[in-house]
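Structural characterization, general
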Amino acid sequence: MASSPSFAVAKPGSSPLDTVMELESVYTDRRHDIVHMLLRQGVHEAEAEDVTQQVFLNAYDRRETGTGSLFNWLSTCARNLAVSRYRRTRKEQLAPAEQWREWEETLADPAKSILIRIEEEQRYAMVTKAIAGLSLRQQQSLLLRSRGYNYQQIADALDISKDSAMYAVHSGIEKLRDTLKLKRQTSCP
């Protein structure tokens, strides 16, 4: 890295041309250092280039003289400009009122979903209780049938005859229907 040039100390008889020449030398020597500093801080490459050029343009327009490192001053200005640009672009965009109305129509009614969930839980409890009322053979036969087993496979798995497997499945289904039908009629007014 090149040495950090300083602001020209205002001397009697010094011209603004000295400051401009110093700024040009810093631009040619250290511009890439400022860009890399911004890139390390998470600024996108195109934005870093743009911020660096804007900082040098602001410094050229300002042409103040003073003491201190010109490079450090430019680096600080570049960081500040990048942060202010980021804050400006990330502000929340407000949605138009028509879009809010459209979104509100798509929202589920929370009271409705709670009632549906309660009804589903009640149905699940009824089915679980009805299954518990079946014999062990009926429960096993229905479970195997729900998994896609045919009657012969059920008979082989439970070590019973094919006719017993068919009877267990059909009697289990009938008992479930009757139990659930009865419970549904008693629960409805």
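Read on for a plain summary of the structure. (Residues numbered from 1 in each chain as written. Predicted model: local features only at pLDDT ≥ 70, side-chain atom pairs only at ≥ 80, totals over all residues. Heavy atoms only, no water.)

**Some thoughts on the pattern of salt bridges**
The full count for this structure, using the stated rule, is 6 salt bridges. The residue Arg-31 makes a salt bridge to Glu-49 at a minimum N-O spacing of 3.1 Å. Here Arg-31, found in helix α1 (residues 16-40), pairs with Glu-49, found in helix α2 (residues 45-62); they are 18 residues apart in sequence, far enough to count as distant. The class for Glu-49 is partly exposed, based on a relative accessible area of 26%. Arg-85 is the partner of Asp-50 in a salt bridge, and the nearest nitrogen-oxygen pair spans 2.6 Å. Of this pair, Asp-50 sits in helix α2 while Arg-85 sits in helix α3 (residues 70-89), placing them 35 residues apart in sequence. (Salt bridge = Lys/Arg side-chain N within 4 Å of Asp/Glu carboxyl O. Helix = DSSP H or I, 4+ residues; strand = E, 2+ residues; numbered from the N terminus. Buried < 20%, exposed > 50% of the residue type's maximum accessible area, 1.4 Å probe, protein only.)

**As for unusual backbone geometry**
The general pattern is negative phi for most residues beyond glycine and trans for most peptide bonds. The backbone of Asp-159 sits at a positive phi, close to 60°, despite the residue not being glycine. Here Asp-159 is to be found in the loop between α7 (151-158) and α8 (162-187). For Asp-159, a relative accessible area of 71% translates into the label exposed.

**Some words on α7**
Within the sequence span of α7, burial applies to Tyr-151, Ile-154 and Ala-155. Burial along α7 is one-sided: seen end-on, the buried residues are contained in an arc of 100°. N-cap assignment for α7: the residue whose side-chain oxygen lies 3.2 Å from the backbone N of Gln-152 is Asn-150. Directly beyond the C-terminal end of α7, a positive phi value near 60° is found at Asp-159. (Arc of directions from axis to C-beta. Polar contact = N/O pair within 3.5 Å; in protein donor to acceptor, adjacent residues only side chain to side chain.)

**So, the packing of helix α6 (residues 136-146) against α7**
Relative to each other, α6 and α7 sit at 130°, their axes nearing to 10 Å. Classed by the angle they form, the pair α6 and α7 counts as oblique. Crossing hand, α6 versus α7: right-handed. Along its contact with α6, which presents Arg-137, Gln-140, Ser-141, Leu-144 and Arg-145, the element α7 presents Tyr-151, Ile-154, Ala-157 and Leu-158. Class assignment of the residues belonging to the contact of α6 with α7 gives a composition of 5 nonpolar, 2 polar and 2 charged. (Axes fitted to C-alpha atoms, helices over the stretch in contact; angles between N-to-C directions. Parallel < 35°, antiparallel > 145°, perpendicular 65-115°, else oblique. Left-handed = near helix turned anticlockwise from the far one by under 90°. Contact = heavy atoms within 4.5 Å. Nonpolar A, V, L, I, M, F, W, Y, C, P; charged D, E, K, R; others polar.)

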